[in-house]
2 protein chains.
Amino acid sequence: MEPRSGWTYRAAGVDLEAGERAKAGLKELVARTRDRYTLSELGGFGGLYALGGRWRDPVLVASADGVGTKLKVAFVSGRHHTVGRDLVNHCVNDILVQGATPLFFLDYLAVGRLEEGVVEAVVGGVVEGCLENGCALLGGETAQMPDFYAPGEYDLAGFIVGVVEREEMLDGSRVRPGDRLVGLASSGLHTNGYTLARKIVFEAMGLGPWDPFPGLGMPVADLLLTVHKSYLASLGPLIREGRIHALAHITGGGIEGNLPRSLGPGTTARLIRSSWEVPPLFRRLQAEGGVEEEEMFRVFNMGVGMIAIVDAGEAETVVGRLRACGEQAWILGEVVEGGEGVVWV
Amino acid sequence: MEPRSGWTYRAAGVDLEAGERAKAGLKELVARTRDRYTLSELGGFGGLYALGGRWRDPVLVASADGVGTKLKVAFVSGRHHTVGRDLVNHCVNDILVQGATPLFFLDYLAVGRLEEGVVEAVVGGVVEGCLENGCALLGGETAQMPDFYAPGEYDLAGFIVGVVEREEMLDGSRVRPGDRLVGLASSGLHTNGYTLARKIVFEAMGLGPWDPFPGLGMPVADLLLTVHKSYLASLGPLIREGRIHALAHITGGGIEGNLPRSLGPGTTARLIRSSWEVPPLFRRLQAEGGVEEEEMFRVFNMGVGMIAIVDAGEAETVVGRLRACGEQAWILGEVVEGGEGVVWV
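These figures come from a predicted structure and were not determined experimentally. (Residues numbered from 1 in each chain as written. Chains lettered and ligands numbered in written order. Predicted model: local features only at pLDDT ≥ 70, side-chain atom pairs only at ≥ 80, totals over all residues. Heavy atoms only, no water.)

Which residues make up the overall build of chain A, and what values do they have?
A tally of regular secondary structure across chain A gives 12 helices and 13 strands. The C-alpha radius of gyration of chain A comes to 22 Å, within 12% of the 20 Å expected for a compact globule of 345 residues. Across its three principal axes, chain A shows a C-alpha extent of roughly 75 × 55 × 35 Å. Going through the 345 residues of chain A one by one, you find that 61% of them count as buried. Sequence-distant contacts, at least 24 apart, represent 81% of the contacts inside chain A between residues at least 6 apart. Entry remark: accessible area of chain A is about 12500 Å², with carbon and sulfur atoms responsible for 48%. When the 32 positive and 44 negative side-chain charges of chain A are each reduced to one mean point, those points stand 3 Å apart. (Helix = DSSP H or I, 4+ residues; strand = E, 2+ residues; numbered from the N terminus. Rg over C-alpha atoms; globule rule 2.2 N^0.38 Å. Buried < 20%, exposed > 50% of the residue type's maximum accessible area, 1.4 Å probe, protein only. Contact = heavy atoms within 4.5 Å. Areas by Shrake-Rupley, 256 points an atom, 1.4 Å probe, with all protein chains shown as cover. Lys, Arg positive; Asp, Glu negative; His and termini not counted. Charge placed at Lys NZ, Arg CZ, Asp CG, Glu CD.)

Tell me about the relation of the copies chain B and chain A, and name the residues and values.
In screw terms, the move from chain B to chain A is a rotation of 180° and a rise of 0.0 Å along the axis, fitting with an RMSD of 0.0 Å. Expressed as an axis order, the relation between the two copies is that of a two-fold axis. If distances are taken from each C-alpha of chain B to the rotation axis, the shortest is found for B:Phe159, at 3.4 Å. (Least-squares fit on C-alpha atoms with pLDDT ≥ 70 in both.)

Which residues make up the sheet that holds strand E5 (residues 154-165) of chain B, and what values go with them?
An order of E1(A)-E2(B)-E5(B)-E3(B)-E4(B) is seen for the five strands of this open sheet, with the pairing classed as mixed. Each edge of the sheet is formed by a strand with only one pairing partner; in this case those strands are strand E1 (47-50) of chain A together with strand E4 (136-144) of chain B. In this sheet, adjacent strand axes meet at a mean angle of 20° when their direction is disregarded. Across the sheet, helix H3 (residues 83-96) of chain B touches strand E2 (58-66), strand E3 (101-111) and E5 of chain B, and the angle it forms with E5(B) is around 30°. (Pairing = 2+ DSSP bridges. Axes fitted to C-alpha atoms, helices over the stretch in contact; angles between N-to-C directions.)

So what's going on with the packing of helix H7 (residues 232-240) of chain B against helix H11 (residues 315-324) of chain B? Residues and values would help.
For any two helices packed against each other, one specifies the crossing angle of their axes together with the interaxial distance. Residues and elements named next belong to chain B. Between H7 and H11, the least distance of the axes is 9 Å, while the angle of their chain directions is 145°. By crossing handedness, the relation of H7 to H11 is classed as right-handed. Listed contacts from H11 to Ser234, Leu235, Pro237 and Leu238 of H7 are Val318, Arg321 and Leu322. Residues that form the contact of H7 with H11 fall into these classes: five nonpolar, one polar and one charged. (Left-handed = near helix turned anticlockwise from the far one by under 90°. Nonpolar A, V, L, I, M, F, W, Y, C, P; charged D, E, K, R; others polar.)

An account of the pairing of E3(B) is requested, with residue identities and associated values reported.
Residue and element names in this part refer to chain B. Burial runs high along E3: 10 of the 11 residues are buried. Here E3 runs beside E5; their pairing, made up of 10 bridges, is antiparallel. By the bridge assignment for E5, Pro102 is matched with Gly162. On the question of chirality, the crossover connecting E3 to the parallel E4 by way of helix H4 (residues 116-132) is right-handed. (Right-handed = clockwise from strand over helix to strand, strands pointing away.)

Quick rundown of the packing of aromatic side chains? Include the residues and the values.
If you walk through the whole model with that rule in mind, you get 22 aromatic pairs over all chains. Each ring, one from A:Phe159 and one from B:Phe159, has its centre 4.6 Å from the other, and the planes form 10°; the classification is stacked. Here A:Phe159, found in strand E5 (residues 154-165), pairs with B:Phe159, found in strand E5, and the two come from separate chains. For the pair A:Phe282 and A:Phe300, a centre-to-centre distance of 6.1 Å together with 65° between the ring planes defines the contact as edge-to-face. Here A:Phe282, found in helix H10 (residues 280-289), pairs with A:Phe300, found in the loop between helix H11 (293-299) and strand E11 (304-310); they are 18 residues apart in sequence, far enough to count as distant. (Phe/Tyr/Trp six-rings, centres within 6.5 Å; stacked < 30°, edge-to-face > 60°.)

So what about unusual backbone geometry? Which residues, and what values?
All names here are of chain A. Here the phi dihedral of Asp147 falls at roughly 75°; this positive angle occurs in a residue that is not glycine. Here Asp147 lies in the loop between strand E4 (136-144) and E5. Take Asp147: its relative accessible area is 42%, and that puts it in the partly exposed class.

Below you can see the structure in the form of structure tokens.
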């Protein structure tokens, strides 16, 4: 609406005081993630992180990601404290693929109108994710963008920086024919395929966020907001011991869209379709949406969140070690010479 | 709409093939920003950047930012190739404040439906910005989020990492009473205050994007999309010579919201209001919107894009050097002992 006297920023939809209050509230929250290398507090122009002389030949590994339309599930359920963990864990997994240990994280949160409880819940989730993965939340931006986002809606993106010694970098060059592929179970949909999953659940099945999901005995919101898991704690030690030849994080594009990115040229991944059972959530989505099998595997992780490529002689040890860390892990297939991409047997 | 047979991701609004095509097109574009330290191509899980042994005691400086509702001006004018430069330059200036040289950049682009020309124009602008500032575009995310963004609309965020030697870090500790404040002119609104500026221009003044802006002889779109300038080329050499005690990038919150972040405790910035003339664009916005003077200074940069704090004996040299680089620069005031924040004289 047009103001009675002159225009103000607030009348136009941006509340600088609310922005300052939110920032003050976040400062304390974010301070929980500071470590001895964090030289700045929230509120500087840039965040400062001392790399120091701890690394011989450091390679920085960085990744940017969002949560996608999983956010819409947070909106309809009013549950905003888990999407930040999804985001951090997704980014942590992405740089873990190159063997990197996370150093710090920054978030970008764009809102229509600033609702302080929502901002605190979202950033609180980012803080939890950072604590869980031992990385500092070094900074971020909370943008007030009226006309962009509906009331109660927002977008959330994250950026991570980690480090790996150059000689320990995982870049596909260690992969050899005969290597085994070890599957690690996902915790659910992770952060992919939500545009399709939401259509099926909320439109085709006509469910609400608090309805029980048929056959799974859990509310829809709980099931769809299950946090994208981080594999840092279970895979990190194995990487440092040199037991991992390569990793593939199964995100958008599914197994076939992601696994080839981690194989060297001239090798094919031979996967055993019967080595695991696709979790019931995926099968129910497929049945209710009438989605073809191939499409399911392109859009969703189908129960496989990460694939580790290891020496054949190490495979059983790796599976055992991962299970001891609480992972569901199994031999999913092997690397064969020639060709490219993925074949199913 | 419900598909006739089964659901596909594409029917739900996400086109994985278009995503892959866009990525292939961007790969070549982004390759232009590669330097000898960039170890990865676009398409890996994380981007790889070799820090190597070039630094004695490196401090990484990182910042995240968006373009705000300046994007809406890009939407209404259909001109999408400059907002990426705004974003990179904004981020470069933010870490320059701590004395950092940019190393690499990542972008997050969220679209409703993927329009390949638009994505290429936006990322092309990011590439231009990276080339202009000598930093690598190490990675990014293009998210397809139907139901989030209207057709032709998108959000864009960026993330930068730079480096500074710990002993050369600018952290406010060098600021002394008697230091002079040097103003550097902005190129326009930069990336702040657009929610208010758009209300005034498009609603109160009733202008369209291609109408001439009264009294300024330029189309509205040209004026409002003027690129946020980078001060790296002009200030970088002065920072490396140790001539700069502190910097303040004048963004959201204006001079009073930003300058105090760069002063040490127990000092006040005394600014001479008559030392520069507020550019006509700001005065016209103020008059047409009936915006109070104080509000204008809180929302807009009012013609001051960056403030450098330098030794009194160096001030004239610094101003001369900046002018030789093409900057409009002038003595804006001085640092006085005691108190805090900003006073105007």
